[in-house]
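Notes for the structure review
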Amino acid sequence: MNALRTQAGRSATPNAPLASALPRTKSDGKGIPMHDNDRQTKHLSDYAPADYLIDTVDLDMRLEPKRTVIHADLAMRPNPQAQADGPLALNGEGIELLSIAIDGKPLTSDEYSLTATGLTVPNVPTAPFVLSLETACDPEANEALLGLYRSNGAFCTQCEPEGFRRITYFLDRPDVLATYRVRLEADKETNPVLLSNGNPVEHGDIEGTGRHYAIWEDPHPKPSYLFAAVAGDLAKVSDSFTTQSGREVALNIYVEHGKEDRCDWAMESLKNSMKWDEERFGREYDLDVFNIVAVSDFNMGAMENKGLNIFNDKLVLARPDTASDADYAAIEGVIAHEYFHNWTGNRITCRDWFQLCLKEGLTVFRDQEFSADLRAGPVKRILDVRNLKSRQFPEDSGPLAHPVRPGSYIEINNFYTATVYEKGAELCRMLQTTLGRDGFREGLDLYFERHDGQAVTVEDFLAALSDATGKDLTDFMHWYNQAGTPELACSLDYDGQTKTATLNVSQILPATPGQPNKQPMPIPLRLGLLGPNGDDLPLTLQDGTELGDGLLEVTEREQSFTFTDIPSPPTPSVLREFSAPVRLTLNLDLEQIEFLMMHDSDAFNRWQAAQSYAAKLLTDASRDRYDPAPVKGKGAERLAKALALTANEQDLAYAYRAEMLKLPSESDIARELARDIDTDAIREARETLRATIGRTIHGDLAGLYEELAETGPYSPDGISAGKRSMRIAALDLLAGSGMEGELERAAAHYRDATNMTDAIYSLLILAPYDHPLRDEALEDFYERWKDDALVLDKWFAVLARSPRHDSVEIVEGC
Ligand code: SER
Ligand code: ZN
């Protein structure tokens, strides 16, 4: 539902729920039951290093759709850290073992044993040895989309987290790092493209067979989950990038034929990502080629395989008429995300899957920062926080609540969650806030220097940050280990005698499954106190400390901070920039909220104030039963007028002004109400407030709508997208006003649209109405795009979001 996502950023996570929806048969697809062992709970505390190591992997993959034969030579040795002399136990699933040899000597059937989930060799040499395996698998029958499978006639792989064991028997765990040499062989006509990780070293024809081969070498040791291979008949779009030290990198994006004209944005985003990571974090790319492949069947959003990223094609393909601004932003973010994994995930990887947040949280944080730098920063923060609150907060307060670094799991596929990704990113953001941008950078520099080429833990990460900055981060581990969203209850007392203001803070840590009692968390709390004219007052604590940046460190369950020289009762702006992933409670009256909405120097909190104002009216109107008074009365008109003033403030970015104009969603309101939710009342309240605003400031909205009419060709850049977003936000309120001619305005917007953004959002605005204009627009869109699966998805999404009862019938009628 990309077109309609209110949040624009990447996120592997919008796609991560798909990962949890992976078909998880209890068999290998061939009717072989999996061992019960595999369903047992695994505990972080049971971690032990692998008994054996694999230094190099030599793979020869003879690709055939129904029976691919893979020869693997694994250079192995006992792990000195494990003092192993026990059996060698390898993972393997859904593959057939054709032969096995050690140092060239075939093993007899009594020298090894096979189960549905692995292969055990009781006696192996104590000195380094080469294990040779020949296995076969059936890519065409592989519907789990893990291991080697087929997508639209191409061979493709997905190995994170445990897919490599479906390619060959292996120590399929992230702390076993090897260099890979891969030979791919396939029918040349149907598979002219043969790709794997690393650099290409050789290719040629196999005479008289119609087949050809390619050899790839990846010099960087990697865990098996980063292995990838692709073969097929794909079109290629190429460019290049010169790194800061002068390495020339060939960049290629492979897509289905005919889609070449939809790759420009992904390519530009890739180059921007490479440049940004050099400038912001000093990270340079390390191979001669960087390949991206877009396929239509892909469980995850995208995958960061070393040098060969594989994407769900909806996160690569964009053309102004097929992709909305939100799609463009999502593509930019996910391309960046996967690229940034090259350092945070690939060069330094996870010791075990409990540490998934180590690569995901940090990489989401990095892609959020990238998008914020390229677009209006505060808007990116708003979108990310909306996403966090709508997806992660419910997870954290429900039966599936789990720590960012879980202590146990049964099935790791279920842990590609908003908590690991999104809350994990918030933890990195809090670390940056606490250490300062420079301190965080120094800490990361040390982390890269110390752990390059290693598989590490969250503790290693925090130790590097702590060692580089001298900051004790021991208690910060609570954020990784304790589930649940802390509630931060704040109140401000003013003392006119002493001219002091005291902020009282208490943190309430709700019980979550398996964690009844919790330790207080260190919470970076950014604060401002606004004087009567709306300016920030200087913040001086009683001990004389001046808080230039307004940053408080909350460490206790209950804590108070007293500020001196406050001449009159100030208005508090608490949790600026949303400096910690907490639920803030702070009693402000509507006048104070309106004051913040007009004056807060913190862009995030200014937007938050507008949302809080609207949310207060909406919850008052829909609590218990629908009561129109709050959403029709004076308060609603005041909100409308304040919104008009902000919308006309020329110094604010268009995208930001657009966010100000958007009302909280129905689910935002439901979350605020928390219990006894009446969805009809919520909808009614929201529609009424929308109408009140649309009517009260009709002139301003219509003026903005006209003024922002697009001239010139479509450009996906942040400023142009911001203008479109603002114009659509105005259109939405205008249509909601119910005033004469406004529905026609939305229909005309649809008819005149020259890009997908204008088309899809006007369609979305029209969709709930019972009106011929709506039917015409829906039909037009369907007719135009019925043969383009990616675009048609947007049409289904519009219907799915429409409150009308006939949506299901329309979809079924297609
Ligand atoms: N590791 C992949 C990603 O985060 C899968 O979700 O992009
Ligand atoms: Zn990721």
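The structure this text deals with has already been given above.
Described in the following lines is the structure provided in the data block. (Residues numbered from 1 in each chain as written. Chains lettered and ligands numbered in written order. Predicted model: local features only at pLDDT ≥ 70, side-chain atom pairs only at ≥ 80, totals over all residues. Heavy atoms only, no water.)

**Here we look at the side chain of Gln 355**
Following the sequence through the fold, Gln 355 ends up in the loop between β22 (349-350) and α4 (356-374). Those residues in contact with Gln 355 that sit more than four places away from it in its chain are Leu 44, Cys 350, Arg 405, Val 456, Thr 457 and Val 458. (Helix = DSSP H or I, 4+ residues; strand = E, 2+ residues; numbered from the N terminus. Contact = heavy atoms within 4.5 Å.)

**Some thoughts on the site of ligand 1**
Around ligand 1 lies a shell of 12 residues, among which Glu 160, Glu 304, Glu 338, Glu 360 and Tyr 421 are the nearest. Within the side chain of Glu 304, one N or O atom sits 2.7 Å away from a nitrogen atom of ligand 1. Summarising the interface, the protein chains cover 99% of the accessible area of ligand 1, which totals 230 Å² for the free molecule. Among the elements of the structure, β20 (302-303), α3 (325-340) and α4 are those that each provide at least two residues to the shell around ligand 1. (Near = heavy atom within 4 Å. Polar contact = N/O pair within 3.5 Å; in protein donor to acceptor, adjacent residues only side chain to side chain. Areas by Shrake-Rupley, 256 points an atom, 1.4 Å probe, with all protein chains shown as cover.)

**Here's the deal with the environment of Ile 382**
Relative to the assigned elements, Ile 382 resides in helix α5 (residues 377-396). Separated by 69 residues in the primary sequence, Ile 382 and His 451 have C-alpha atoms spaced 33 Å apart. Sequence-distant contacts of Ile 382, defined by excluding residues within four places in its chain, comprise Phe 604, Trp 607, Tyr 656 and Glu 659.

**Brief notes about unusual backbone geometry**
Residues other than glycine predominantly adopt negative phi, and peptide bonds predominantly adopt the trans conformation. In the segment running from Glu 160 into Pro 161, the intervening peptide bond is cis, with an omega of -5 degrees. Along the chain, Pro 161 falls in the loop between β11 (154-158) and β12 (178-187). Phi is positive for Asn 152, close to 50 degrees, though the residue is something other than glycine. Turning to its location among the elements, Asn 152 is positioned in the loop between β10 (147-151) and β11. Positive phi values are uncommon outside glycine, yet Asp 676 reaches one of about 50 degrees. Topologically, Asp 676 is positioned in the loop between α14 (666-673) and α15 (679-696).

**Here's the deal with the packing of helix α6 (residues 418-451) against helix α7 (residues 458-469)**
α7 packs onto α6 with a crossing angle of 100 degrees between their chain directions and a minimal axis gap of 7 Å. The orientation of α6 relative to α7 falls into the category roughly perpendicular. Along the contact surface, α6 presents Cys 428, Leu 431, Leu 435, Gly 439, Phe 440, Glu 442, Gly 443, Leu 444, Leu 446, Tyr 447, Arg 450 and His 451, while α7 presents Asp 460, Phe 461, Leu 462, Ala 463, Ala 464, Leu 465, Asp 467, Ala 468 and Thr 469. For the contact of α6 with α7, the residue count by class is 13 nonpolar, 4 polar and 4 charged. (Axes fitted to C-alpha atoms, helices over the stretch in contact; angles between N-to-C directions. Parallel < 35°, antiparallel > 145°, perpendicular 65-115°, else oblique. Nonpolar A, V, L, I, M, F, W, Y, C, P; charged D, E, K, R; others polar.)

**Considering the coordination of the zinc ion (ligand 2)**
Coordination of the zinc ion (ligand 2) by the protein comes from His 337 (NE2), His 341 (NE2), Glu 360 (OE) and Glu 360 (OE), over a distance range of 1.9 to 2.8 Å. One chain supplies every donor for the zinc ion (ligand 2), spaced along it as H-x3-H-x18-E. In this pair, His 337 is assigned in helix α3 and Glu 360 in helix α4, connecting sequence segments 23 residues apart. Of the residues examined, His 337 reaches a relative accessible area of 1% and is grouped as buried. (Donors = N, O, S within 2.8 Å, 3.2 Å for Na, K, Ca; no water. Buried < 20%, exposed > 50% of the residue type's maximum accessible area, 1.4 Å probe, protein only.)

**Quick word on α7**
Between its terminal C-alpha atoms α7 stretches 17 Å, which fits the 16 Å expected from 12 residues at 1.5 Å a residue. Of the positions making up α7, those classed as buried are Val 458, Phe 461, Leu 462, Ala 464, Leu 465 and Ser 466. Residues of α7 that are buried in the fold lie against α4, α6 and α8 (477-481). Of the residues one or two after α7, Gly 470 is the one with positive phi, at around 75 degrees. (Expected span 1.5 Å × (residues − 1).)

**A word on the sheet that holds strand β26 (residues 500-508)**
Spatially, β29-β26-β25-β31 is the arrangement adopted by the 4 strands of the open sheet, whose pairing is mixed. Looking at strand neighbours, the two that pair on one side only are β29 (558-563) and β31 (583-586), the edges of this open sheet. Strand-to-strand twist in this sheet, taken as the mean axis angle between neighbours without regard to direction, amounts to 20 degrees. (Pairing = 2+ DSSP bridges.)

**As for the pattern of salt bridges**
Applying the stated criterion to the full structure yields 65 salt bridges. The salt bridge involving Glu 140 is made with Arg 150; its shortest N-O contact spans 3.1 Å. Of this pair, Glu 140 sits in the loop between β9 (129-137) and β10 while Arg 150 sits in strand β10, placing them 10 residues apart in sequence. Between Asp 175 and Arg 173 there is a salt bridge, and its shortest N-O distance comes to 2.7 Å. According to the relative accessible area criterion, Asp 175 is buried, its value standing at 15%. We classify Arg 173 as partly exposed; its relative accessible area is 25%. (Salt bridge = Lys/Arg side-chain N within 4 Å of Asp/Glu carboxyl O.)

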